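Chain by chain, the residues run as shown.
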Amino acid sequence: MTTPFEQSGLYVTAVADSVAEGKANAQPTVSADEFVEVDESEVAPPVAEISEAVAASVNQTFAAEDEEKAAQEAAEQAAAAADADKE
């Protein structure tokens, strides 16, 4: 029976052998027939379709953010006006 240390050594040796074999079998040159050319003008762009419920939820979220931003800007303007009146 082998110890975990010996098992890890066997594993590392097997991986190293596999890497060496892969490098030996690799083809360093690339031929022209390995690539496929695609005319991208014929490919339709992807279309994202969302449900009406999702669109309504997104619109509602943006509307709430816009209202919050408008309220914050109004508060800042009121504070600036109050500061200007003090001077």
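The model shown is predicted, which means the values in this text are computed figures rather than measured ones.

Visitor: Account for the overall build of the protein, with residues named and values stated.
Guide: Each helix and strand counted, the protein has two helices and zero strands in total. Compactness check: the protein gives a C-alpha radius of gyration of 33 Å against a globular reference of 12 Å for 87 residues, more than 25% above the reference. Per-residue burial over the protein gives 0% buried out of 87 residues. Surface exposure of the protein reaches about 8,400 Å², of which carbon and sulfur atoms provide 57%.

Visitor: Account for a nonpolar patch on the surface, with residues named and values stated.
Guide: Side chains of Tyr11, Val12, Val15 and Val19 sit close together on the surface and give an oily, nonpolar patch of about 390 Å² of accessible area. By the secondary structure assignment, valine 12 is in helix H1 (residues 4–25). Owing to a relative accessible area of 54%, valine 12 belongs among the exposed residues under this scheme.

Visitor: Quick rundown of the environment of threonine 29? Include the residues and the values.
Guide: Following the sequence through the fold, threonine 29 ends up in the loop between H1 and helix H2 (52–86). Since its relative accessible area comes to 60%, threonine 29 is described here as exposed. In this structure, the C-alpha to C-alpha distance between threonine 29 and alanine 82, residues 53 residues apart in sequence, is 75 Å.

Visitor: How would you summarise the environment of glycine 9 if you had to cite specific residues and measurements?
Guide: Among the secondary structure elements, glycine 9 is positioned in helix H1. The sequence separation of glycine 9 and alanine 53 amounts to 44 residues, and the corresponding C-alpha distance is 57 Å.

Visitor: Quick one: what's the story with the environment of alanine 82, residue by residue and with numbers?
Guide: Relative to the elements of secondary structure, alanine 82 occurs in helix H2. The class of alanine 82 is partly exposed, set by a relative accessible area of 36%.

About the criteria used
- All residue numbers here refer to positions counted from 1 along the written sequence of the relevant chain.
- Local features in this predicted model are restricted to residues whose pLDDT is 70 or higher, and side-chain atom pairs enter the listing and the counts only when it is 80 or higher, whereas totals over whole chains, interfaces and linings include all residues.
- Only hydrogens and water are set aside when side-chain values are computed; all heavy atoms of the structure are taken into account.
- Only DSSP runs of H or I with at least four residues qualify as helices, and only runs of E with at least two residues qualify as strands; both kinds are numbered from the N terminus onward.
- We compute the radius of gyration from the C-alpha atoms alone; for a globule the expected value is 2.2 Å times N to the 0.38, where N is the number of residues.
- The rule is simple: take the accessible area with a 1.4 Å probe, protein chains only, and divide by the maximum for that residue type; under 20% is buried, over 50% is exposed, in between is partly exposed.
- Here the open area of atoms and residues is found with the Shrake-Rupley method and a 1.4 Å probe, where only the protein chains shown may cover a residue.
- Candidates for patches are residues over 30% relative accessible area with no salt bridge; among them, like charges are joined within 9 Å and nonpolar side chains (Val, Leu, Ile, Met, Phe, Trp, Tyr) within 5 Å.
- The salt bridge criterion pairs a side-chain nitrogen of Lys or Arg with a carboxyl oxygen of Asp or Glu, the two atoms within 4 Å.

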